[in-house]
Amino acid sequence: MKQLIARIVWGKFKFTFFRLLLITIIACKSEGVSAIADLSPQTYYFDAIAGNDSHDGLSPEQSFQSLELLHSIQLKSGDRILLANGSTFLGHIPVLGFFGEDGLEITNYKPPGSSSQERPRIDASGYVSGIFIENSSNISISNLSITAEGGKILKTYGASTAGMRCGILVHIKSDRIFKNINIENIEIESVYYESTGFNRGKDEVTTPNGTESYGWGIRFLNTSNNGQLTDITISRSTVENVSHSGIRFNNSSQQKFKEITINNNRLYKTGGPGIVLLRCENAIVSENNISYSGSPEDSRNWGRGSGLWTWGSSTVLIDKNTFSYANGPADSAGCHIDFNCSDVIVQRNLSFSNAGGFIEILGNNYNCAYRYNVSINDGFRVKGEGNNFQEGKTFWLSGYAGKNNTRTGPFNSYIYNNTIYTKAAIISKIAVDNVSRGILVANNIFHIEGDSKLVLGDQYRPDEGGTATIENITFTYNIFLKDDYWPEEVLIQPTNSISGDVLFLNKGGGNVIDYTPTDVELVKNKGIHIPKIEGDEKGLYLGFPLREDILGNTIIGVPDIGAIELD
């Protein structure tokens, strides 16, 4: 009897279960989601012009119209999300907790019968970001355009992402390792948290990173305790007109972002810095063009920012980039090394007309270098003019290590084979903190046409000045246009200097090749092989010699002086 009752109950259960399943399938079909439980990878097509949300979305002819349907799709390993060329989609793409080993691709396609080459556009006005990735691995994003021009936030993803709007936001909040985020050939333009007409108070730009809500281009945010994101690539992309940083890494985890490549991108008129590497390790930033960082052009912008800066980062190579026209009342160098870093090498870059200056290494930094760069008219900012509260500087070593921390370092700073030119209208300012330890300055051309002077480091807690003996100094074999260029009050003084005009090919030009010396006898083989600073057992993590200079010329034998190796 008990067996009979059990069979009846089981039969009723099966009938109820399959009835509910059928209702679910019908409901899913009415919403345009595939009703077939297929575990194989799927490609989902979206066309804002010719699509229809009653379609199944599994072919170009049956494309969806609205990104909203992505909320109903359980993405699987190997899936693809394709957006039609020429379409503009209102909304955003969320990817939450994706771990498929075969990855997820988000890219474009050409619809049937269309000849449009215009990449699909996501208008994320009112959303946290155009593409939002959280706790996910193996994501590839390419060939899209994203904008997000203000609007009330319609969809939130927790307090950690409040108060921001991004073109692409990658968020880690779980204590595990995530990997493989690839962003390629993306256009991000006009990303603002506030709507047009909003005006920031004049004091907001004096805060270290801003205290209000902003728009960001591509942002990586780790708010976990011990989680990590590794293997990140951003290439061939453009970020233009955003109210704060173009590409930014922010990290409160005990683990750093690791294995980062940022290559061949263009960042233009960002309201804050172009690129910020905060708590990153093993990064290569190369062949990017960053101009007008800290742009004040839009009243919603922060209005301050270096082309690139690092903080709390290690083993970072910044190579063959162009940094130009950085603006702001403080910082706003072409590229500066903020405090708590180690093994950051700034090499073979062009730094041009940046208000804050050229060389800037702050406190508690170890074994960092500027080498084989060309600096043109950097550091023209004058403290006290307008809203400026910090001097622009040609050369700045600062012990500043945080508001409440003792000034310390930088330690073992290597500055060699740079070419530095400033026109007569610029006063070249030099600041060397008396807590610096270990400095090498060699094989540089200081072609300074105007006056020069010592200034105190003037971060948020200014250098107190005073006399001291800085240990382990090598300051030798540099060419100075004028014998009295280097102020006698600076705590490090040159020896074995060379005086003279190297006769640049096109002095005042804006290209690297313009600063090729034509006085061969003054420059050729007049440098030294770079040694380790006394007391430094480590040196530079990539070594001292380079195979090629900033123009790709092979460096053979005794180095020339300056950034360009002559034939």
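Residues numbered from 1 in each chain as written. Predicted model: local features only at pLDDT ≥ 70, side-chain atom pairs only at ≥ 80, totals over all residues. Heavy atoms only, no water.

**Considerations on the overall build of the protein chain**
A tally of helices and strands in the protein chain yields 2 helices and 40 strands. Seen through its principal axes, the protein chain has C-alpha atoms that stretch 105 × 55 × 50 Å. By the burial criterion, 57% of the 567 residues in the protein chain qualify as buried. Contacts spanning at least 24 positions in sequence make up 77% of the contacts within the protein chain whose residues lie at least 6 apart. Entry remark: accessible area of the protein chain is about 22,900 Å², with carbon and sulfur atoms responsible for 50%. Across the protein chain, the mean location of the 49 positive side-chain charges is 9 Å away from that of the 61 negative side-chain charges. (Helix = DSSP H or I, 4+ residues; strand = E, 2+ residues; numbered from the N terminus. Buried < 20%, exposed > 50% of the residue type's maximum accessible area, 1.4 Å probe, protein only. Contact = heavy atoms within 4.5 Å. Areas by Shrake-Rupley, 256 points an atom, 1.4 Å probe, with all protein chains shown as cover. Lys, Arg positive; Asp, Glu negative; His and termini not counted. Charge placed at Lys NZ, Arg CZ, Asp CG, Glu CD.)

**Things to note about the side chain of Asp79**
Relative to the helices and strands, Asp79 resides in the loop between strand S1 (43-46) and strand S2 (80-84). One polar contact links the side chain of Asp79 to the main-chain amide nitrogen of Lys76, over a distance of 2.7 Å. Sequence-distant contacts of Asp79, that is, excluding residues within four places in its chain, are made with Ser40, Pro41, Gln42, Tyr44, Gln74, Gly103, Leu104 and Glu105. (Polar contact = N/O pair within 3.5 Å; in protein donor to acceptor, adjacent residues only side chain to side chain.)

**Some details on the side chain of Thr315**
For Thr315, the position within the fold is in strand S23 (residues 314-319). Here Thr315 falls in the buried class, since its relative accessible area comes to 18%. There is a polar contact of 2.6 Å between the side chain of Thr315 and the side chain of Asn282. With sequence-adjacent residues up to four places away left out, Thr315 is seen in contact with Glu281, Asn282, Ala283, Ser342, Asp343 and Tyr541.

**Focus: the packing of aromatic side chains**
This structure, assessed with the given rule, holds 28 aromatic pairs. Here the aromatic rings of Phe132 and Tyr157 are separated by 4.1 Å at their centres, their planes lie at 25°, and the arrangement is stacked. Of the two residues, Phe132 is situated in strand S7 (residues 129-134) and Tyr157 in the loop between strand S9 (145-149) and strand S10 (164-172); the sequence distance between them amounts to 25 residues. For Tyr157, a relative accessible area of 12% corresponds to the buried category. (Phe/Tyr/Trp six-rings, centres within 6.5 Å; stacked < 30°, edge-to-face > 60°.)

**Observations concerning the pairing of strand S8 (residues 139-142)**
In the sheet, strand S5 (residues 104-109) pairs with S8 via 3 bridges, with the strands oriented parallel. Bridged to Leu104 within S8 is Ile139. In this structure, S8 lies alongside strand S11 (residues 177-184), joined through 4 bridges in parallel fashion. When the sheet's bridge partners are listed, Ser142 is paired in S11 with Glu184. (Pairing = 2+ DSSP bridges.)

**Here we look at a negative patch on the surface**
Taken together, the side chains of Asp451, Asp483, Asp484, Glu488 and Glu489 define an acidic patch exposed on the protein surface. You can see Glu489 is positioned in the loop between strand S39 (479-480) and strand S40 (498-499). Take Glu489: its relative accessible area is 53%, and that puts it in the exposed class. (Patch = residues over 30% accessible without salt bridge, like charges linked within 9 Å, V, L, I, M, F, W, Y side chains within 5 Å. Salt bridge = Lys/Arg side-chain N within 4 Å of Asp/Glu carboxyl O.)

**Structural notes on the confidence of the model for the protein chain**
Residues shown with low pLDDT carry predicted positions that ought not to be read at fine detail. Per-residue pLDDT for the protein chain averages 92, and the proportion of residues at 70 or more is 93%. Of the regions scoring below 50 in pLDDT, residues 1-37 engages in 15 contacts with residues more than four places distant in sequence or in other chains. (pLDDT = per-residue confidence, 0-100.)

**A few points about empty space enclosed by the protein**
For the structure shown, the criterion picks out 1 cavity of 30 Å³ or more. Within this model, the largest cavity holds a volume of roughly 40 Å³. In terms of lining, the largest cavity is formed by Phe323, Gly334, Cys335, Val346, Asn349, Leu350, Ser351, Phe358, Tyr370 and Asn373. Taken together, the residues of the lining of the largest cavity sort by class into 6 nonpolar, 4 polar and no charged. (1 Å grid on protein atoms, 1.4 Å probe; cavity = no way out; pocket = protein on both sides within 12 Å on 5 of 7 lines; lining within 4 Å. Points joined across faces, edges and corners; volume = space filled by probe spheres on them. Nonpolar A, V, L, I, M, F, W, Y, C, P; charged D, E, K, R; others polar.)

**A look at the pattern of salt bridges**
Overall, the coordinates contain 20 salt bridges when judged by the stated rule. Salt-bridge contacts for Glu105 lead to Arg80; the nearest nitrogen and oxygen are separated by 2.9 Å. Here Glu105, found in strand S5, pairs with Arg80, found in strand S2; they are 25 residues apart in sequence, far enough to count as distant. Look at Glu105 and you get partly exposed, because its relative accessible area is 26%. Among the salt bridges present, the one from Lys507 reaches Glu449, with a minimum N-O distance of 2.8 Å.

**Quick word on the pairing of strand S29 (residues 366-371)**
Of all 6 residues that make up S29, 5 are buried, and the element is covered over most of its length. Bridging between S29 and strand S32 (residues 411-416) involves 5 bridges; their strand directions are parallel. Directly across from Tyr370, in S32, lies its bridge partner Ile415.

**Side note on a nonpolar patch on the surface**
Where nonpolar side chains cluster on the molecular surface, the patch consists of Leu505, Ile513 and Leu551 and spans about 280 Å² of accessible area. Its location among the elements puts Leu551 in the segment after helix H2 (520-523). Judged by its relative accessible area of 38%, Leu551 is partly exposed.

**Description of unusual backbone geometry**
Residues Gly409 and Pro410 are joined by a peptide bond in cis, for which omega reads 0°. Mapped onto the elements of the fold, Pro410 is located in the loop between strand S31 (393-397) and S32. We note that Asn138 has phi near 65°; this positive angle belongs to a residue other than glycine. Relative to the helices and strands, Asn138 is located in the loop between S7 and S8. At Asp231, a residue that is not glycine, the phi angle is positive and equals roughly 65°. Here Asp231 is to be found in strand S14 (residues 228-235). Residue classification places Asp231 among the partly exposed residues on the basis of a relative accessible area of 34%.

**Quick notes on the environment of Thr408**
The topology assignment puts Thr408 in the loop between S31 and S32. A relative accessible area of 26% means that Thr408 is categorised as partly exposed. Along the chain, Thr408 and Phe98 lie 310 residues apart, while their C-alpha atoms are 43 Å from each other. Excluding its chain neighbours within four sequence positions, the residues that come into contact with Thr408 are Gly363, Asn364, Gly399, Ala401 and Val435.

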